[in-house]
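Here is how the chains run, residue by residue.
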Amino acid sequence: MSTVTTAKGAGTGLATRPEAAPPKPAAPAPVRLGRSRRAGRRLAHGVLRAGTRSAAVVALLLLWETAPRLGLVDRTFLPPFGEVAEAWWGLAADGQLADHARASLTRSFSGFLIAVSLAVPLGLLIGWYRPVADLLGPLLEVFRNTAALALLPVFVLLLGIGETSKISIVVYACAWPVLLSTISAVRSVDPTLLRLARSLDLPAVRLFQKVILPASVPAVFTGVRLAGAVSILVLVAAEMIGAKAGLGYLINASQYNFAIPQMYAGIITISAVGVAFNQLLVALERRLSSWRVPANG
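## Overview of the overall build of the protein
Here is step 1 of the chain: Regarding its fold elements, the protein presents 11 helices and 0 strands.
Here is step 2 of the chain: Starting at the N terminus and walking to the C terminus, you meet the elements of the protein as α-α-α-α-α-α-α-α-α-α-α.
Here is step 3 of the chain: When each of the 297 residues of the protein is scored for burial, the buried share is 31%.
Here is step 4 of the chain: Counting contacts in the protein only where the partners sit at least 6 residues apart, residues at least 24 apart contribute 72% of the total.
Here is step 5 of the chain: Accessible surface for the protein amounts to roughly 19000 Å². Of this, 67% is attributable to carbon and sulfur atoms.

## Quick look at the pattern of salt bridges
Here is step 1 of the chain: Within this structure, the stated rule accounts for 5 salt bridges.
Here is step 2 of the chain: R69 is the partner of E65 in a salt bridge, and the nearest nitrogen-oxygen pair spans 2.5 Å. Taken together, the residues span about one helical turn, with E65 and R69 both in helix α2 (residues 29-69) at a distance of 4 residues.
Here is step 3 of the chain: A salt bridge links R75 to E83; the nearest nitrogen and oxygen atoms lie 2.5 Å apart.
Here is step 4 of the chain: The class of R75 is partly exposed, set by a relative accessible area of 35%.

## Regarding a positive patch on the surface
Here is step 1 of the chain: Residues R37, R38, R41 and R42 make up a contiguous surface patch of positive charge.
Here is step 2 of the chain: Note that R38 resides in helix α2.
Here is step 3 of the chain: The exposure class assigned to R38 is partly exposed, which follows from its relative accessible area of 44%.

## Things to note about the confidence of the model for the protein
Here is step 1 of the chain: Scored by pLDDT, the protein has a mean of 79; 83% of the residues are at 70 or more.
Here is step 2 of the chain: Element-level pLDDT for the protein is lowest in helix α1 (residues 2-12), with a mean of 44, against a maximum mean of 92 in helix α3 (residues 81-93).
Here is step 3 of the chain: In the model, residues 1-16 has pLDDT below 50 throughout and makes 3 contacts with residues more than four positions away in sequence or in other chains.
Here is step 4 of the chain: The low-confidence segment residues 293-297, where pLDDT is below 50, has 0 contacts with residues more than four positions distant or belonging to other chains.

## A short note on the packing of aromatic side chains
Here is step 1 of the chain: Counted under the stated rule, the structure contains 7 aromatic pairs.
Here is step 2 of the chain: Aromatic pair W64 and Y264: ring centres 5.8 Å apart, planes at 65°, arrangement edge-to-face. You can see W64 sitting in helix α2 and its partner Y264 sitting in helix α11 (residues 260-288), a full 200 residues away along the chain.
Here is step 3 of the chain: Classification of W64 by relative accessible area gives buried; the value is 16%.
Here is step 4 of the chain: Ring geometry for F109 versus F277: centroids 4.8 Å apart, planes at 50°, classification tilted. Of this pair, F109 sits in helix α4 (residues 96-128) while F277 sits in helix α11, and the two are 168 residues apart along the sequence.
Here is step 5 of the chain: For F277, a relative accessible area of 7% corresponds to the buried category.
Here is step 6 of the chain: Site record: aromatic cluster; members linked through ring pairs are W64, F81 and Y264.

## Quick notes on the environment of V230
Here is step 1 of the chain: By secondary structure assignment, the location of V230 is in helix α9 (residues 204-239).
Here is step 2 of the chain: Counting along the chain gives 57 residues from V230 to A173, while the straight-line C-alpha distance between them is 6.7 Å.
Here is step 3 of the chain: Look past the residues within four positions of V230 in its chain and what remains in contact with it is A173, C174 and L235.

## With respect to the nonpolar core
Here is step 1 of the chain: Counting 48 residues, the largest nonpolar core has F112, I169, L179 and V224 as the members making the most contacts within it.
Here is step 2 of the chain: Mapped onto this core, the elements with two or more residues apiece are α3, α4, α5 (130-144), α6 (152-159), α7 (163-187), α9, α10 (247-256) and α11.
Here is step 3 of the chain: Considering every element that reaches this core, the biggest residue donor is α7, with 11 residues.
Here is step 4 of the chain: When residues no more than four places from it in sequence are discounted, the contact partners of I169 are A148, L151, L152, F155, V234 and A238.
Here is step 5 of the chain: Core analysis: the next-biggest nonpolar cluster, separate from the first, contains 9 residues, A197, L207, F208 and I212 among them.

## Observations regarding the side chain of E239
Here is step 1 of the chain: Mapped onto the elements of the fold, E239 is located in helix α9.
Here is step 2 of the chain: Separated by 2.9 Å, the side chains of E239 and S104 make a polar contact.
Here is step 3 of the chain: Residues within four places of E239 in sequence aside, it is in contact with A103, S104, R107, K166, A245, G246, L247, G248 and Y249.

Definitions and limits used
Residues numbered from 1 in each chain as written. Predicted model: local features only at pLDDT ≥ 70, side-chain atom pairs only at ≥ 80, totals over all residues. Heavy atoms only, no water. Helix = DSSP H or I, 4+ residues; strand = E, 2+ residues; numbered from the N terminus. Buried < 20%, exposed > 50% of the residue type's maximum accessible area, 1.4 Å probe, protein only. Contact = heavy atoms within 4.5 Å. Areas by Shrake-Rupley, 256 points an atom, 1.4 Å probe, with all protein chains shown as cover. Salt bridge = Lys/Arg side-chain N within 4 Å of Asp/Glu carboxyl O. Patch = residues over 30% accessible without salt bridge, like charges linked within 9 Å, V, L, I, M, F, W, Y side chains within 5 Å. Lys, Arg positive; Asp, Glu negative; His and termini not counted. Charge placed at Lys NZ, Arg CZ, Asp CG, Glu CD. pLDDT = per-residue confidence, 0-100. Phe/Tyr/Trp six-rings, centres within 6.5 Å; stacked < 30°, edge-to-face > 60°. Core = buried A, V, L, I, M, F, W, Y, C linked by side-chain atoms within 4.5 Å. Polar contact = N/O pair within 3.5 Å; in protein donor to acceptor, adjacent residues only side chain to side chain.

Dropping the structure here:
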């Protein structure tokens, strides 16, 4: 049978022709179309999400712009947003806004970093070692219920009206959210994880490094984010007493000089700084807790 086939192939000249390789199938059009559709859906979802998240802010700005112009509020005390934006641009153009923001951020970040560096280790000790908690517990209960702004005159009397008193009041105000959240985080670590770690005969240092610290990161950062907001709010109040620069000084001086648009420009700047600082802390939290499995799988 094979001989006959070969002979027929030789007679017709087909034996000398190499068989043509089958063409490679091109990428199916439906696959490319599906990818483009998914990309389009993601883009549309992102635009929709951004629009939804910014809708309330846009509505507030529109209300702020139209209410004074329509006479719903006195534009002397609440000028339209356009005038406030113009005043903000004027402060930014001549460098005043940058100088005041730099002074405030230096004080705020200095106090915030000092508070975090002191409160986190102390919170870990109090949360983990019962003797330390019994010793410092009553003292903490006394001071945690004392508002930081209520002690501002005391800080000014003891430390003067310079930079030391302003940074110190920020440290005091920021330390409590971080300290309390750290204590709560350590005490609420999953007991199953602790029993498992102890069954492996881990030393205390490794237990802290491998179990306590990773499990405490989310709750600790909740306090850190609260402290970030507190550091700016308390500093603004402190800068209204005896300061010569800073966003709080800008707001206070604008009020006394009846420069109402400049006053609102300083308030908007403080809000923008607070939002940016919070987003920075959120990104840092995600970086440090990237090992965690999301709740939705």
